[in-house]
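Here are the chains, one letter per residue:
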Amino acid sequence: MKMDFELFKINNRLKPETGRVIISEPLSADGFFGRSVILLNEHNKNGTVGFILNKPSKLTVGQFFDNYRKYNIPVYIGGPVATNTLHFIHQSKGMISDSVKIGKDLYWGGDINALPGLIESQQIFIKDVKFFIGYSGWDLEQLEKEIEKNYWIVSSLDTKIILSDKVKDYWAGAVKKAGDEYKFWLNIPEDVIAN
């Protein structure tokens, strides 16, 4: 019997760039990156920085900053790099100074002390913000090499989905949005050895 090894070949029509996402292939057993969806916050000649969107921690922002204690804002595991750092993305229409625009209506970082006041005055809502501990990083051309080896699908997601806190089926939803050719991934069990 002849095996079709092209079955798992990923046809990346999109190139990685700031504001896009990468979706891990279904057989990745990596603790951080298995069934992950990562927002690319920066992709340039220096390398790539991103945040895992669907790996919640048990932490809240109020555990780090007193002025956030009354808000129950969860913190996600952004990746294995610099796990002693806290980062955030937001849909703020540029209201937070020093933030970097990474998508049509999506920003990264800025004055973290301005955010509670904007939440209090309902100019920004908690659903418009996502916090991360640590980040994911790749050296120059490292991500491209992983994409060539079929580790990732490059895709795009709406800001509302990027900021969503519904992580249970997050990876599956991102795979569906990537295209019909990947829907069979949803039938592959997470633990193929136990199956």
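Not measured: the values here are computed from a predicted model.

K.L.:
I'd love a proper account of unusual backbone geometry, names of residues and values included.
P.N.:
Despite not being glycine, E141 shows a phi value in the positive range, around 70 degrees. Following the sequence through the fold, E141 ends up in the loop between β9 (129-138) and α2 (142-148). For N150, which is not glycine, the phi torsion reads 70 degrees and is therefore positive. Looking at the secondary structure, you find N150 in the loop between α2 and β10 (152-155).

K.L.:
Which residues make up the nonpolar core, and what values go with them?
P.N.:
Membership of the largest hydrophobic core comes to 26 residues, with the highest contact counts inside it found for I23, V37, L39, L53, I89, I162 and W185. Where this core is concerned, the elements lending two or more residues are β1 (21-24), β2 (37-44), β3 (47-52), β8 (106-108) and α4 (170-178). When residues in this core are grouped by element, the largest group, 5 residues, is from α4. Setting aside its immediate chain neighbours within four residues, I23 contacts S36, V37, Y151, W152, I153, S155, W171, A174, V175 and A178. Ranked by size, the runner-up nonpolar core spans 15 residues in total, among them V61, V75, F88 and I119.

K.L.:
Residue-level account of α4, with values.
P.N.:
Residues of α4 that are buried include every one of Y170, W171, A174, V175 and A178, and no others. End-on view of α4: buried residues confined to an arc of 135 degrees, all on one side of the axis. Against β1, β2, β9, β10 and α3 (159-162) lie the buried residues of α4. G179, located one to two residues past α4, shows a positive phi value of around 140 degrees.

K.L.:
Go over the environment of L143, please, and point to the residues and values.
P.N.:
When you line up the elements, L143 lands in helix α2. A sequence separation of 16 residues divides L143 from K127, and the C-alpha atoms of the two residues are 30 Å apart.

K.L.:
Now, about the packing of aromatic side chains: what can you tell me, with residues and values included?
P.N.:
The full count for this structure, using the stated rule, is 12 aromatic pairs. Seen from their ring centres, F51 and W108 are 5.9 Å apart, and the 85 degrees between their planes marks the pair as edge-to-face. Taken as a pair, F51 in strand β3 and W108 in strand β8 lie far apart in primary sequence, 57 residues in all. Among the aromatic residues, those joined into a cluster by ring pairs are F32, F33, W138 and W152. The ring of W171 has R35 sitting right over it, with the charged end atom 4.5 Å from the ring centre. In this arrangement the basic side chain of K130 is found over the ring face of Y76, its NZ or CZ atom lying 4.5 Å from the centre.

What counts, and where the lines are drawn
Residues numbered from 1 in each chain as written. Predicted model: local features only at pLDDT ≥ 70, side-chain atom pairs only at ≥ 80, totals over all residues. Heavy atoms only, no water. Helix = DSSP H or I, 4+ residues; strand = E, 2+ residues; numbered from the N terminus. Core = buried A, V, L, I, M, F, W, Y, C linked by side-chain atoms within 4.5 Å. Buried < 20%, exposed > 50% of the residue type's maximum accessible area, 1.4 Å probe, protein only. Contact = heavy atoms within 4.5 Å. Arc of directions from axis to C-beta. Phe/Tyr/Trp six-rings, centres within 6.5 Å; stacked < 30°, edge-to-face > 60°. Lys NZ or Arg CZ within 6 Å of the ring centre and 35° of its normal.

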